[in-house]
Amino acid sequence: MLTSVAVPAAPAPAPAGAVPHVDAAPQTLADLLMPYAPYLFDLAVLSGRNFAEVTYASRRYDPVTRDFVATGVAIHRDAFSATIARIRIGGGVQRLEGVAVDTRALPLDPAVRQTLQKLGRETVTGDVSLSSAGGNAAAADYRLDLGLQLDGIADLAVSLDVAGFHILMPLHEADPAGGASDEPVVAGRLQSGRIAYDDKGLLPAVFEVYGAQQGLSGTQFAGMASMLATAGIAGAFGDAAGKVSPALQARAQGWASTLQTFIAHPSHLEVTLAPPEPVELSWLQGEPDVEAAIAALNPQVGLEAAPSVPLVAADSFPAAASGSEAVAAARQLIEGVGVPQDVARGLELALPEAAKGDNAALRLVSDALSRQPALAVADGAGQRSYVTLLLAHADGVALPEDLLSGLRASIGGEAAAAAEDEALDAWMKTDAGQAHRRQEAEALAARNWSTIGKLAFAYYEGDAVPRNLTRAYGWSLIAAAGGDAAATALRDDLNQAASDGRIDLPVTRARVIANGLWALILKQDAAVAPAPADAGHAEPQAPTPAAPAQ
C-alpha cells in the first residue's frame, strides 16, 4: 500500500529554500573537481607551450551544466595548424566543436592524401562528441554515445548500452598453478548496440583513388569491392564445414545483399545489436560458437535508420489512462522521449499506479521528484511525497540524499516523524515487513544487542526498511544501553545533529519508544507487556518458543 502524491497540472514554485536543489552538493568526484578545471587547463597550456604555439580566447567553469568550457583554442607548430572553436568537458558529455586540422604538414599515406585532395578536404573540419549520460555509475551501467561528424567526408555514430561493465586485470598471485589468463577479462552485459555510418563522399573518392592504382575506374573498383565483400561473408557463413544452419546462411546472404547495395550507392548503413537477453561480455571474449553468438546478439543490417521513438503530440495522453498505458505515457513525459518533457504531467499519470503497488510506476514517481524536487511540496503535498519516497527508497530505488533530507526539513520534524510512521505502517503489512517484525521480536527476546544495533542503523539508512529517524534513535538508545558500541556512536551522532539543528528529531517521542522497548526486555512475562501508545505501529512482542508474536 502506497501513499500517493497530489501534484497539480501546473504546480506553483516551491517556497524559496523549501527543498534544496538535488545537486547542491557534489554528487561525484568529477563534480567536485570540475570547478578547478580552468586552472588545470592553464597548467596544460603552459606545458604545451614548450612544444607548440597554444592560444585560446576564453576558458571558464559553467556552474549550470557543471562543465569546463574553452573557446577559440589554436595550436600551431611550423606548418602544422589545428583549431577548436569550442571545447566542452563535463561529467557526462565531452564535445569538441568546430575542429579544423590542416593535414598538409602531417605524414599521411599517399592514398589517404590523394583521397582528401579529391574531396577538397585537406583541412579536415567537423565535430567530435562522447556522451555517457543516462548511466548509473554506482551499478557500473553505462550508455555510451560516440559521434564523429567530418564535414564533406562522413559521419559515424556508435552507441552501446552496457550493464555492470568492468575490465578485470589478471591476478596471477591468486592462481599459483599458472592457470590465470594473461589477458584482461571484460565483465558486464551488453544490452544493446548501434553503429551508423553516413557517407558524405568518402567512399566514391576512395574507390577512385584505389581504382586508379589498379588501372580501374571508380565504378569498376566499387564492383570489385562488392564482390570481395560478398565472397567474404559467404566464406564466413558458408556451409562447407556444416557448422551453420540454413537460417543463418539466409541471414548472411541478406547482409551481403545489403552491403552490395550500399557499396553501389553509398549513403546510410546501420548495424544494430538487439539481444533478446543481455549478453555476458566475458562469454563473447571466450569466442563462442558463431551461430550461438549471432543468435545472442541478434544483429540487424540495414540501409535505413532504425525506427526511433514514436513522436506524439504533447496533449495526446488520455487523462483516464491506467495500467501499463499510464506507466508508458508517464515514462515518455518524465524522460522527455518522443514528446517535450512534462514531469508534472507524467507524475500525475504515474501516481495512481504507484499507489496500487506498481514498482515501475513507483520508480517513475521517484525519478520525477528527483528531477524536479519542487513538485514534492507543490500544493502542500510534502508529507505525502515524503511517504512515497520513503517506500520507494526501502524498495531499492536509488534517491539523491539531498532530496530526502531536504524534503524532511521542509515539512518539519513532527510532520516528518508522522510520515515516517505512516510509511512504516504500510510497509509492515508486506511480507518483508512481517519478517522484519519477527526479527525485531527475536532480537529483543534474546537481548541480542548487536542485532538491535543493526536494526537501529536499518531505520537510519532507510534502504531496506522505510527510514524512520525517531525509531533509529529509540532503537540506538536500547542497543547502546546493552553495550553495543556502533549503536552508541549512532545515538551520540543523532544527539549531536539534533542539538546542532542539522536534523529536526522529536527526541521525547523517541524516548517513549525506547522506554517501551526497554520494558519489554526487562519484563519476565514479555507476552503481556503493553506496546507504547504512540509508537506508530505495534511494537514487537517478545516471542515464546511456541509461536512468534505478531
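Residues numbered from 1 in each chain as written. Predicted model: local features only at pLDDT ≥ 70, side-chain atom pairs only at ≥ 80, totals over all residues. Heavy atoms only, no water.

**Focus on the overall build of the protein**
Part 1 of the argument: In terms of helices and strands, the protein carries 19 helices and twelve strands.
Part 2 of the argument: Counting only residues that meet the buried cut, the protein has 38% of its 550 residues in that class.
Part 3 of the argument: Taking the intrachain contacts of the protein between residues at least 6 apart in sequence as the baseline, contacts between residues at least 24 apart amount to 58%.
Part 4 of the argument: Total accessible area on the protein is roughly 28200 Å²; 58% of this is exposed by carbon and sulfur atoms. (Helix = DSSP H or I, 4+ residues; strand = E, 2+ residues; numbered from the N terminus. Buried < 20%, exposed > 50% of the residue type's maximum accessible area, 1.4 Å probe, protein only. Contact = heavy atoms within 4.5 Å. Areas by Shrake-Rupley, 256 points an atom, 1.4 Å probe, with all protein chains shown as cover.)

**Digging into the side chain of arginine 467**
Part 1 of the argument: Relative to the assigned elements, arginine 467 resides in the loop between helix H16 (449–461) and helix H17 (469–481).
Part 2 of the argument: At 3.4 Å, the side chain of arginine 467 forms a polar contact with the backbone oxygen of glutamate 461. (Polar contact = N/O pair within 3.5 Å; in protein donor to acceptor, adjacent residues only side chain to side chain.)

**Quick look at the side chain of aspartate 67**
Part 1 of the argument: Along the polypeptide, aspartate 67 turns up in strand E3 (residues 67–77).
Part 2 of the argument: Given a relative accessible area of 9%, aspartate 67 falls into the buried group.
Part 3 of the argument: Polar side-chain contacts of aspartate 67 include one of 3.3 Å to the side chain of threonine 65.

**A closer look at the pattern of salt bridges**
Part 1 of the argument: The tally for this structure, following the rule as stated, stands at 20 salt bridges.
Part 2 of the argument: The partner of arginine 471 in a salt bridge is aspartate 421, and the shortest N-O contact between them spans 3.8 Å. On the criterion of sequence distance, the pair formed by arginine 471 in helix H17 and aspartate 421 in helix H14 (residues 413–428) is long-range, its members being 50 residues apart.
Part 3 of the argument: A relative accessible area of 7% means that aspartate 421 is categorised as buried.
Part 4 of the argument: Connected through salt bridges with shared partners, the residues Arg60, Asp62, Asp67 and Arg88 form a single ionic network. (Salt bridge = Lys/Arg side-chain N within 4 Å of Asp/Glu carboxyl O.)

**Quick look at the nonpolar core**
Part 1 of the argument: Core analysis: the largest hydrophobic core is formed by 65 residues, its most contacted members being Leu369 and Trp475.
Part 2 of the argument: Ranked by the residues each element gives to this core, the list is headed by helix H10 (residues 343–355), at seven residues.
Part 3 of the argument: When near neighbours in sequence (up to four residues on either side) are disregarded, leucine 369 contacts Leu347, Leu375, Ala376, Leu389 and Leu403.
Part 4 of the argument: Val124, Ala205, Phe221 and Phe262 belong to the second largest nonpolar core, which has 15 residues in total. (Core = buried A, V, L, I, M, F, W, Y, C linked by side-chain atoms within 4.5 Å.)

**Focus: helix H12 (residues 382–394)**
Part 1 of the argument: With 13 residues, H12 should reach 18 Å at 1.5 Å per residue; the first-to-last C-alpha distance of 18 Å fits that figure.
Part 2 of the argument: Counting buried positions over the 13 residues of H12 gives eleven, a clear majority of the element.
Part 3 of the argument: Listing the buried residues of H12 in full gives Gly382, Ser385, Tyr386, Val387, Thr388, Leu389, Leu390, Leu391, Ala392, His393 and Ala394.
Part 4 of the argument: Backbone geometry just after H12 places glycine 396 at a positive phi near 100°. (Expected span 1.5 Å × (residues − 1).)

**Focus on the pairing of E3**
Part 1 of the argument: Direction of pairing for strand E1 (residues 53–55) relative to E3: antiparallel, over a ladder of three bridges. Its bridge partner being in E3, threonine 55 is matched across the sheet by alanine 74.
Part 2 of the argument: Pairing geometry for strand E2 (residues 58–62) and E3, over five bridges, is antiparallel. Bridge pairing links arginine 59 to alanine 70 in E3.
Part 3 of the argument: Linkage of E2 to E3, two consecutive antiparallel strands, is achieved through a turn of four residues, within which arginine 66 is found at a positive phi near 60°. (Pairing = 2+ DSSP bridges.)

**Let's talk about helix H15 (residues 431–446)**
Part 1 of the argument: Here H15 spans 23 Å end to end across 16 residues, near enough to the 22 Å set by a 1.5 Å rise per residue.
Part 2 of the argument: What H15 keeps buried is the set Gly433, His436, Arg437, Glu440, Ala441, Ala443 and Leu444. Looking straight down H15, one finds that the buried residues subtend no more than 165° of arc, so they occupy a single side. Set apart from the buried face of H15 by more than 90 degrees, the exposed residues are Asp431 and Ala446.
Part 3 of the argument: If you follow the buried residues of H15, they end up packed against H14, H16, H17 and helix H19 (507–522). (Arc of directions from axis to C-beta.)

**With respect to the environment of isoleucine 411**
Part 1 of the argument: Take isoleucine 411: it is sitting in helix H13 (residues 401–411).
Part 2 of the argument: The spacing of isoleucine 411 and glycine 382 is 29 residues in sequence and 6.3 Å in space, taken between C-alpha atoms.
Part 3 of the argument: Aside from chain neighbours lying at most four places away, what touches isoleucine 411 is Gly382, Gln383, Tyr386 and Ala416.

**Side note on the confidence of the model for the protein**
Part 1 of the argument: Model confidence for the protein is summarised by a mean pLDDT of 82, while 85% of its residues fall at 70 or above.
Part 2 of the argument: Of all the helices and strands in the protein, helix H1 (residues 29–33) carries the lowest mean pLDDT, 76, while E1 carries the highest, 96.
Part 3 of the argument: Counted against residues more than four places away or in other chains, residues 1–23, with its pLDDT under 50, gives 60 contacts.
Part 4 of the argument: This model gives residues 542–550 a pLDDT under 50, and the stretch forms 13 contacts once residues within four places in sequence are excluded. (pLDDT = per-residue confidence, 0-100.)

**Side note on the packing of helix H9 (residues 323–335) against H10**
Part 1 of the argument: The contact between H9 and H10 brings their axes to 8 Å, and the two run at 155°. Here H10 runs roughly antiparallel to H9, going by the angle between their axes. In this structure, the crossing between H9 and H10 has a hand that is left-handed. Contacts between H9 and H10 involve Gly323, Ala326, Val327, Ala329, Ala330, Leu333 and Ile334 on the former and, on the latter, Val343, Arg345, Gly346, Leu347, Leu349, Ala350 and Glu353.
Part 2 of the argument: The class makeup of the residues in the contact of H9 with H10 is ten nonpolar, two polar and two charged. (Axes fitted to C-alpha atoms, helices over the stretch in contact; angles between N-to-C directions. Parallel < 35°, antiparallel > 145°, perpendicular 65-115°, else oblique. Left-handed = near helix turned anticlockwise from the far one by under 90°. Nonpolar A, V, L, I, M, F, W, Y, C, P; charged D, E, K, R; others polar.)

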